[in-house]
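Secondary and tertiary structure notes
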Amino acid sequence: MARGPRIVAELGRPETPDETAARKAESSRVYRSSQNVRNLIGALLATLIVVLVIVFAVPRGSVPEREPIDVHAVAESVAASENRTVITPDMSDGWIVNRAGIEGGGSVRAFTVVYAPAAEDERGFLRVAQGFDADEAWVARVLSGAAPQDTVTIDGITWDRYELDPDRTGNISVAITTDAGRDTVLIYGAADDEALEETARSVTEQISALRQEAE
């Protein structure tokens, strides 16, 4: 027995061919949409599984500690290559060396040692730079054009002293400088007066020796 046209309850009459086609098209669209959602969820789950496998499968360990920098060894190497005396600061255990070597590629090259507090909860830094045959403007260039405010004498050596604006000078708040024969020694960074004096005292004898060499 032939089946009559499908009566739609909402319409109270049989569907027209156009309505039947529209209904089937909408059903197909909903089905495809649900399949797309399922496929997306499946892809995300697969990606998550791959990530978890990588995280748990790759061996992990602690980052090895960096080898300490031997300032004296670096200074000896620089002295040999430059054929000149190079100062070597001798700091307390409260400081660690972050970098040591030649800096500057312009008119003045400097042997520079960068120190940081050994304690993790302390902030600040100090740089000790020996400008080789430095001209009178070298310190001003390093310190963004700053001029000294006064002088301070440490272990018989007179230093020009600077109070600086860290916002203008790249976090540098203090500096002291003095001549060392043909060279200029500049100690600068973000530290207190005690740290500056400690650093200056560590190079007093070497500065005096460089002055005697230049006589």
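For the structure itself, look to the data block above.
Source: prediction; values computed, not measured. Each chain carries its own residue numbering, running from 1 in the written order of its sequence. Where local features are concerned, this predicted model is filtered to residues with pLDDT of at least 70; where side-chain atom pairs are given and counted, the filter is 80 or more; whole-chain, interface and lining totals use all residues. Remark: hydrogens and water are excluded; side-chain values derive from all non-hydrogen atoms of the structure.

Secondary structure elements are defined from DSSP: runs of H or I of at least 4 residues count as helices, runs of E of at least 2 residues count as strands, and each element is numbered from the N terminus. Helix and strand counts for the protein stand at 6 helices and 9 strands. By definition, residues are in contact when any of their heavy atoms lie within 4.5 Å. Pairs at least 24 apart in sequence give 49% of the contacts found in the protein among residues at least 6 apart. Each accessible area is a Shrake-Rupley estimate made with a 1.4 Å probe; only the visible protein chains count as cover when residues are assessed. Carbon and sulfur atoms make up 53% of the accessible area of the protein, which totals about 13,900 Å².

Our focus in this paragraph is the side chain of Thr112. The topology assignment puts Thr112 in strand 4 (residues 110-117). Contacts of Thr112, omitting those with residues within four sequence positions, involve Arg99, Ala100, Gly101, Glu103, Arg127, Val128 and Ala129.

Here we take up the nonpolar core. For our purposes a nonpolar core is just a set of buried Ala, Val, Leu, Ile, Met, Phe, Trp, Tyr and Cys residues, chained together by side-chain atoms within 4.5 Å. Under the scheme applied here, a residue whose accessible area is under 20% of the maximum for its type counts as buried, over 50% as exposed, and between as partly exposed, the area being computed with a 1.4 Å probe on protein chains only. Core analysis: the largest hydrophobic core is formed by 30 residues, its most contacted members being Tyr115, Leu126, Trp159 and Ile187. The contact partners of Tyr115, leaving out residues within four places of it in the chain, are Val71, Pro89, Met91, Trp95, Ile96, Val97, Phe125, Leu126 and Val128. Listed in part, the 14 residues of the second largest apolar core include Val108, Trp138, Leu143 and Ile172.

What follows deals with the pairing of strand 5 (residues 125-131). Summarising burial for strand 5: 6 of the 7 residues are buried, a large majority. The pairing of strand 4 with strand 5 spans 6 bridges and is classified as antiparallel. Bridging across to strand 5, Tyr115 finds its partner in Leu126. Pairing of strand 5 with strand 9 (residues 183-190), which is carried by 7 bridges, proceeds in the antiparallel orientation. What sits directly across from Arg127, in strand 9, is Tyr188. At least two bridges found by DSSP between two strands are what make those strands a pair.

Strand pairing within a sheet occurs via backbone hydrogen bonds; the two strands may be parallel or antiparallel. Pairing is antiparallel in the open sheet, where 7 strands are placed in the order 3-4-5-9-8-7-6. Looking along the sheet, the strands with just one partner apiece sit at the ends: strand 3 (95-103) and strand 6 (150-154). Shown here is a sheet whose adjacent strand axes are inclined to one another by a mean of 20°, direction ignored. Every axis corresponds to a line fitted to the C-alpha atoms, with the helix fit spanning only the stretch in contact, and the corresponding angles, defined between N-to-C directions, vary from 0 to 180 degrees. Where helix 2 (residues 71-82) meets the sheet, it contacts strand 3 and strand 4, and its direction lies at approximately 170° from that of strand 4. Sheet strands in contact with helix 6 (residues 204-214) are strand 5, strand 6, strand 7 (157-163), strand 8 (174-180) and strand 9, and its direction is about 35° off that of strand 8.

Looking only at helix 6, the buried set comprises Thr204, Ile207 and Leu210. The buried residues of helix 6 occupy an angular sector of 130° when projected down its axis, which confines them to one face. Of the exposed residues in helix 6, the ones pointing more than 90 degrees away from its buried face are Glu205, Gln212 and Glu213. Where the residues of helix 6 are buried, they touch strand 5, strand 6, strand 7, strand 8, strand 9 and helix 5 (193-202). Working note: the arc is built from the helix axis to C-beta atom directions.

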